[in-house]
2 protein chains.
Amino acid sequence: MDRLIEKIVEMQNPTVAGLDPKLAFVPEFIKDKCFKKYGKTLEGAAQALLEFNKALIDELCDIVPAVKPQAAYYEMYGWQGVKALCETIEYAKSKGMYVITDGKRNDIGTTMEAYATAHLGTTDVDGESIEAFGADALTVNGYLGSDGINPLLKICEEKDKSIFVLVKTSNPSSGELQDKEIDGKSVYETMGNMCENWGSGLVGKSGYSSVGAVVGATYPEMLGELREKLPHTFFLVPGYGAQGGGANDVKYAFDKNGIGAVINSSRGIMCAWTKEDGTDERDFAKAARREAERMRDDIKSVVGEMKL
Amino acid sequence: MDRLIEKIVEMQNPTVAGLDPKLAFVPEFIKDKCFKKYGKTLEGAAQALLEFNKALIDELCDIVPAVKPQAAYYEMYGWQGVKALCETIEYAKSKGMYVITDGKRNDIGTTMEAYATAHLGTTDVDGESIEAFGADALTVNGYLGSDGINPLLKICEEKDKSIFVLVKTSNPSSGELQDKEIDGKSVYETMGNMCENWGSGLVGKSGYSSVGAVVGATYPEMLGELREKLPHTFFLVPGYGAQGGGANDVKYAFDKNGIGAVINSSRGIMCAWTKEDGTDERDFAKAARREAERMRDDIKSVVGEMKL
């Protein structure tokens, strides 16, 4: 996690830009060009997503430390979309950005090892070692317990990668299971404690481990409660902006040094041009940059300086 | 779920063949051929997986009702592997098999809709409606509550598809969270009850709904408990064979008509040739068929005739 935290401190910006490129979010001129070349096909759609992402990355890479592509929006466009995910990750890394693949993957034993290899490691092809997706971090779901998380820890250690385990998600129905009590503790706190345990051997010089947690901005009091109870667990916080969370909600995710969390915005940044009066669709990336700066300043005004 | 159950009754075989094709499981002559043509690349590996799968499907399609490709083993070989997944699904469907993509996907709202569209629905590309992966069923994780499941129910209804929600998984550490008690009920029972609720509007003429549950063969007493408590929830049961479960363990998953569950075997079938004395690797698919027949007869000997 140190690599991400260092970038956050360097840019004084604790945010991540979500790349969830539904075709409906992509400006017409990009779609027109790609459909003309590849037809109204999955290949054409995937090419449009990739061009959209690349333009956003070009505009954001010097002010935003990380991107978070959401796997679902690529799978939706078939293997062609998954190829665009792969190329998006490669491009963002080439621009120095930290890449969190939001896949919420989960399984056990050798199957979870396969996911770990796929998204964070290198695949062995008869002696050749090849990066399949090559992200820096992956979101995962801990419902299956340690058998689902342990296979990731080795790769986190060996390759300096991270995971974010779902703890308290930002959606309205997250409480149906997550808020229920187990032995006097909520399910989300139980899962949070499991994160502290899983990460205990992987604490970096920042004080945070390679095992982070997803905690939604929409439940600020739980965010504060967990920040206190999970001192080595770095938070990935969805729910800012479109889902209703603001700087005053997310401030609880940070420690006294202004670190401890990275706040995600997806639609807010990607679709910023649609919210500005008179902005042409061709200026979508510049509008995204303006929104990313606004969001950075908004959060910084509450959190203060970030220092290691 | 009715389509799967009808196939099970027709073939008198309540099993599903897991297609988890690690390269290490693929016979050398297939790998040699593919590496010669495509090099030791992700493309070469993916091509080897696809040939392996197709040969297995050819041998199994008239005696086994369903296949369950595990997404992790395809993602491990990059987008090229995901393309092989797509082509495997298409091929299995062309041979009349029911396809369960084991992806354990989970997210909320529009993102979960994207997964539903990707794996079970059709993607809209500027007016063109295209199937991205086109499976018949998808495994999912319900940790996020109804916001993560509701987006799937519409597609299940409209397109006659199914989901299987993780309830009690087959791994040793599954109890870390799943066995804990909430208001006097275990987490797995709570999740099981949620499955009954989610499926309540989608009960077919078999009496089972489109919302199934994953319940491991390695916990037979819980399997029996859940069979009784969840009368409309069809079970996908992993853990037979390689993970230690036998026919006497899985029998609890079935109702008095011999239906109610489909039992998975992955390595047991895929790698059957390595367990037989003197079987040449070129006969891997015939050995897989022999093991599938043995498994079918083993389970049938305990469960009896399956009838609707």
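Further up the page is the structure itself.
This report concerns the structure included in the present document.

Definitions and cut-offs
- Residues numbered from 1 in each chain as written.
- Chains lettered and ligands numbered in written order.
- Predicted model: local features only at pLDDT ≥ 70, side-chain atom pairs only at ≥ 80, totals over all residues.
- Core = buried A, V, L, I, M, F, W, Y, C linked by C-beta atoms within 7 Å.
- Buried ≥ 20, exposed ≤ 12 C-beta atoms within 10 Å, placed from the backbone.
- Contact = placed C-beta atoms within 7 Å.
- Helix = DSSP H or I, 4+ residues; strand = E, 2+ residues; numbered from the N terminus.
- Pairing = 2+ DSSP bridges.
- Nonpolar A, V, L, I, M, F, W, Y, C, P; charged D, E, K, R; others polar.
- Least-squares fit on C-alpha atoms with pLDDT ≥ 70 in both.
- Expected span 1.5 Å × (residues − 1).
- Axes fitted to C-alpha atoms, helices over the stretch in contact; angles between N-to-C directions.

1. Points about the nonpolar core
Stage number 1. Residues A:Val165 and B:Val165 are the most contacted members of the largest nonpolar core, which totals 219 residues.
Stage number 2. Setting aside residues up to four positions removed in sequence, A:Val165 forms contacts with A:Val140, A:Gly142, A:Ile149, A:Met191, A:Cys195, A:Val211, A:Ala213 and A:Val214.

2. Describing unusual backbone geometry
All names here are of chain B.
Stage number 1. Despite not being glycine, Asp126 has its phi angle at roughly 50 degrees, a positive value.
Stage number 2. If you trace the backbone, Asp126 turns up in the loop between β4 (122-125) and β5 (128-131).
Stage number 3. Located in the positive-phi region is Asp160, a residue other than glycine, with phi close to 55 degrees.
Stage number 4. The residue Asp160 is located in the loop between α7 (146-159) and β7 (162-168) in this model.

3. What about the pairing of strand β4 (residues 122-125) of chain A?
Put simply, side chains in a regular strand alternate between the two faces of the sheet.
Residue and element names in this part refer to chain A.
Stage number 1. Burial along β4 is one-sided: the face carrying Thr123 and Val125 is buried and the face carrying Thr122 and Asp124 is not.
Stage number 2. Summarising the sheet, β4 and strand β5 (residues 128-131) pair through four bridges and their orientation is antiparallel. Of the residues in β5, the one forming a bridge with Thr122 is Glu131.
Stage number 3. Two successive antiparallel strands, β4 and β5, enclose a turn made up of two residues, where Asp126 displays a positive phi of approximately 50 degrees.

4. Focus on the interface of chain A and chain B
Stage number 1. With 56 residues of chain A at the contact, the number on the chain B side is 56 residues.
Stage number 2. Here the element with the most residues in the side of chain A that touches chain B is helix α6 (residues 109-119) of chain A; it accounts for six residues.
Stage number 3. Looking at the side of chain A that touches chain B residue by residue, the class counts come to 25 nonpolar, 18 polar and 13 charged.

5. A look at the relation of the copies chain A and chain B
The pair of chain copies shares a relation made of a rotation about an axis and a shift along it.
Stage number 1. With an RMSD of 0.0 Å, the operation that places chain A on chain B is a rotation of 180 degrees combined with a shift of 0.0 Å along the axis. One copy is carried onto the other by what is essentially a two-fold rotation axis.
Stage number 2. Both copies share a contact surface, since 100% of the interface residues of chain A are interface residues in chain B too.

6. Brief notes about helix α5 (residues 78-94) of chain A
Stage number 1. Relative to the 24 Å expected for 17 residues at 1.5 Å per residue, α5(A) spans 25 Å between its end C-alpha atoms, a close match to the ideal helical length.
Stage number 2. Burial within α5(A) is extensive, with twelve of its 17 residues counted as buried.
Stage number 3. Within α5(A), the full set of buried residues consists of A:Gly78, A:Trp79, A:Gln80, A:Gly81, A:Val82, A:Lys83, A:Ala84, A:Leu85, A:Cys86, A:Thr88, A:Ile89 and A:Ala92.
Stage number 4. Residues of α5(A) that are buried sit in contact with β1 (15-19), α3 (42-60), β2 (66-69), α4 (71-75) and β3 (98-105) of chain A together with α5 (78-94) of chain B.

7. So, the environment of B:Asp255
Stage number 1. Looking at the secondary structure, you find B:Asp255 in the loop between α11 (247-250) and β12 (261-265).
Stage number 2. Here the alpha-carbon distance between B:Asp255 and B:Val303, two residues 48 residues apart in the chain, equals 8.9 Å.

8. Concerning the sheet that holds β1(A)
Note on sheets: strands pair through backbone hydrogen bonds, and any given pair is parallel or antiparallel.
Residues and elements named next belong to chain A.
Stage number 1. Strand order in the closed barrel formed by eight strands is β1-β2-β3-β6-β7-β10-β11-β12, and the pairing between neighbours is parallel. Across the sheet, the axes of successive neighbouring strands diverge by a mean angle of 30 degrees, strand direction being ignored.
Stage number 2. Alignment of β1 against strand β12 (residues 261-265), held across three bridges, turns out to be parallel. Residue pairing in the sheet places Ala17 in a bridge with Ser265 of β12.
Stage number 3. In this fold helix α1 (residues 2-11) packs onto β2, β3, β7 (162-168) and β12, with an angle of close to 130 degrees to the strand it touches most, β3.
Stage number 4. Helix α7 (residues 146-159) contacts β6 (137-140) and β7 of the sheet and is inclined by roughly 145 degrees relative to β7.

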